[in-house]
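What the coordinates show
Each chain, letter by letter, is given below.
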Amino acid sequence: MTILLGSIADDYTGASDLANTLTKNGLRTVQTVGIPDPSLPLPDVDAVVVSLKIRSVAAGEAVAAAGTAERWLRGRGAMHVLYKICSTFDSTDKGNIGPVTEALAELAGGGIVLVTPAFPETGRTVYLGHLFVNGQPLDESPLKDHPLNPMHDANLVRVMARQSRGAIGLIDLSAVAAGPDAVKARLDALRADGASAAIADAVFDRDLETLGEVTLRTPVSSGASGLGLGLARALVRSGRVPSRVSGTADAIRPVGGHAAVIAGSCSNATLRQLAIAEQAMPVLRLDPERLLTAAPDEISAALSWAEARMEAGPIIIAASTTPEAVSELQSRYGREISGRAIEAATSAIAAELVARGARRLVVAGGETSGAAVDKLAIPAFLIGPEIAPGVPVLRTVGNPQGDMLLALKSGNFGGDDFFAAALAMMR
Ligand SMILES: Nc1ncnc2c1ncn2[C@@H]1O[C@H](COP(=O)(O)OP(=O)(O)O)[C@@H](O)[C@H]1O
Ligand SMILES: O=C(O)[C@@H](O)C(=O)COP(=O)(O)O
């Protein structure tokens, strides 16, 4: 298998979001979970998105894992590697966007890296280095209350500088609007001044097309799905990808079995989606504190509840709660400990539901999805049709449990009726 574009995603929902964008823009794409075993039969593709769970781990661990994935992708022909980060720039002053970006640049022989989380289709735009989420500055958006990486600064040049060794520059919208040559000139000038990375403004898809054109000629970039769109379109324009009728329908051939939703995202969108779904489907609200203090009992109570209902139709099990309740729990048990314990519990529930016949699974939340997919030991996914911007239906490849359909929903993605819409596409 020789690939044109490689990507390392810092979480699994982000990986499926990017794989969806690449697919929609003409690249045959597969999403792997970590580096696949050589025996795994992967389809012939243009792009591989390696999903890692490195958004909220120690920077050294993230750098090491990304480095291993980079070597694997380069070994399969990838000329360009996109480090897929969150469109809301989820990170802390310790990383991991800065450290991983700089490490990938070093592995590729140095140089400056273009960075942009812009993804206009989902309301993420960058202007003068400031990130807006549906029109709100990042630090005023719901991301200010994220359970693991609350975002308190919308100025990404500053945010990135705090987590990088090198200086961070800005490619502003006037350069982007002037086209690829102007962006290239600005990138070269920033590089000559010693910058290790540059935040690029982008408001519309055409800005991302310009950025894609330039970054495709460099070895590394960091960005969200918007930059993926730019890179995919640049590759197609270059004539290196044959134009073909892209078909994703085959990936959603029915798998039968029961259907379940597991939610660990506490993002605004997920809380709204749960409230809507609750009017039409059985929803079990887990007791988050018991997941920390009496997990085995809370898990087995949840499984008894599910077993009694799954035969009749889809069910939802959620740990999700309001920002106030999250901070209350965290103040008593610690941010990291609460998050990880709840992920361990929700993933154990997901695995037990599959053991009891669930074959269609929607997981809400990036870290929650990563934990569940790891627990299920699913090695890779084919990309099916899009449910909502950034969220495709996925079909497992080489799954020990047999063929399953999944949707890994980023916390903030999807309309109010997301769960019903996803389940309607998964038969
Ligand atoms: N009730 C809760 N209290 C505290 N933390 C929670 C609660 N429910 C879920 N979590 C944790 O919050 C984090 C949500 O992150 P994630 O799954 O990535 O969602 P999102 O996609 O919205 O960012 C996870 O670590 C999860 O275990
Ligand atoms: O870029 C995005 O916004 C998503 O692809 C993503 O990474 C979201 O992360 P989670 O909200 O943690 O799922």
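Residues numbered from 1 in each chain as written. Chains lettered and ligands numbered in written order. Predicted model: local features only at pLDDT ≥ 70, side-chain atom pairs only at ≥ 80, totals over all residues. Heavy atoms only, no water.

Under an unreviewed UniProt entry, the name given to the chain is 3-oxo-tetronate kinase, and the source organism is Sinorhizobium chiapasense. UniProt, in the comment section headed Sequence similarities (unreviewed entry), describes the chain in these words: "Belongs to the four-carbon acid sugar kinase family." According to its UniProt record, the chain has this under Function (unreviewed entry): "Catalyzes the ATP-dependent phosphorylation of 3-oxo-tetronate to 3-oxo-tetronate 4-phosphate." (UniProt positions renumbered as here; feature names shortened; annotations may be inferred.)

Before going further, it helps to spend a moment on the site of ligand 2. Looking at ligand 2, there are 13 residues lining it, with T13, D17, R55, K84 and S87 nearest. Taking D11, its side chain carries an N or O atom lying 3.5 Å from an oxygen atom of ligand 2. Note that an oxygen atom of ligand 2 is positioned 2.7 Å from one of the side-chain N or O atoms of T13. Its free accessible area being 350 Å², ligand 2 has 95% of it covered by the protein chains. Mapping ligand 2 onto the cavity grids shows that it belongs to the largest pocket. (Near = heavy atom within 4 Å. Polar contact = N/O pair within 3.5 Å; in protein donor to acceptor, adjacent residues only side chain to side chain. Areas by Shrake-Rupley, 256 points an atom, 1.4 Å probe, with all protein chains shown as cover. 1 Å grid on protein atoms, 1.4 Å probe; cavity = no way out; pocket = protein on both sides within 12 Å on 5 of 7 lines; lining within 4 Å. Sits in = over half its atoms within 2 Å of the grid points.)

Examined against the element boundaries, D153 turns out to sit in the loop between strand 8 (136–137) and helix 4 (156–162). You can call D153 buried: its relative accessible area is 11%. A polar atom in the side chain of D153 sits 3.0 Å from the backbone nitrogen of N155. At 2.8 Å, the side chain of D153 forms a polar contact with the side chain of R158. (Helix = DSSP H or I, 4+ residues; strand = E, 2+ residues; numbered from the N terminus. Buried < 20%, exposed > 50% of the residue type's maximum accessible area, 1.4 Å probe, protein only.)

Taken as a whole, the largest pocket encloses approximately 670 Å³ of empty space. Lining the largest pocket are 47 residues, with H146, P147, G264, S265 and C266 positioned closest to its centre. Elements with a minimum of two residues in the lining of the largest pocket: helix 1 (12–24), helix 10 (288–293), helix 12 (323–333), helix 13 (335–355) and helix 14 (366–376). Looking at the lining of the largest pocket residue by residue, the classes come out as 12 nonpolar, 22 polar and 13 charged. (Points joined across faces, edges and corners; volume = space filled by probe spheres on them. Nonpolar A, V, L, I, M, F, W, Y, C, P; charged D, E, K, R; others polar.)

Moving on: the site of ligand 1. As a structural note, the neighbourhood of ligand 1 is formed by 20 residues, with H146, S265, S267, E343 and T368 the closest of them. Residue S267 places a side-chain N or O atom 2.6 Å away from an oxygen atom belonging to ligand 1. Residue G366 places a main-chain N or O atom 2.9 Å away from an oxygen atom belonging to ligand 1. Here ligand 1, which alone exposes 570 Å², has 96% of that area covered by the protein. Of all the cavities here, the one that holds ligand 1 is the largest pocket. Elements with a contribution of two residues or more to the shell around ligand 1: helix 12, helix 13 and helix 14. For the shell around ligand 1, the class distribution of residues is 8 nonpolar, 10 polar and 2 charged.

In this section: the pattern of salt bridges. For the coordinates displayed, the defined rule picks out 30 salt bridges. One salt bridge connects R356 with E307, and the closest N-O pair in it is separated by 3.2 Å. Taken together, the residues span a long stretch of sequence, with R356 in the loop between helix 13 and strand 15 (358–364) and E307 in helix 11 (residues 295–310) at a distance of 49 residues. On the accessibility criterion, R356 (30% relative accessible area) is partly exposed. Judged by its relative accessible area of 44%, E307 is partly exposed. Here D403 makes a salt bridge to R395, at a shortest N to O gap of 3.3 Å. (Salt bridge = Lys/Arg side-chain N within 4 Å of Asp/Glu carboxyl O.)

Below, the discussion takes up helix 1. With 13 residues, helix 1 extends 18 Å between its outermost C-alpha atoms, agreeing within 8% with the 18 Å of an ideal straight helix rising 1.5 Å per residue. Counting buried positions along helix 1 gives 12 out of 13 residues, so the element sits mostly inside the fold. (Expected span 1.5 Å × (residues − 1).)

Let us look at the sheet that holds strand 8. Taken together, the 3 strands give an open sheet; going across it, the order is 6-7-8, and neighbouring strands pair in antiparallel fashion. One side of each edge strand has no neighbouring strand; the edge strands of this open sheet are strand 6 (124–127) and strand 8. (Pairing = 2+ DSSP bridges.)

Sites flagged by UniProt as "domain: Four-carbon acid sugar kinase N-terminal" (unreviewed entry) map to residues 5–229. Between the end C-alpha atoms of residues 5–229 the distance is 12 Å, and the span holds 36% helix and 22% strand.

The subject of this paragraph is the environment of V183. Mapped onto the secondary structure, V183 falls in helix 6 (residues 180–192). Here V183 falls in the buried class, since its relative accessible area comes to 0%. Between the C-alpha atom of V183 and that of F413, which follows or precedes it by 230 residues, the distance is 30 Å. Residues within four places of V183 in sequence aside, it is in contact with L114, I171, A175, V176, T210, L211 and V214. (Contact = heavy atoms within 4.5 Å.)

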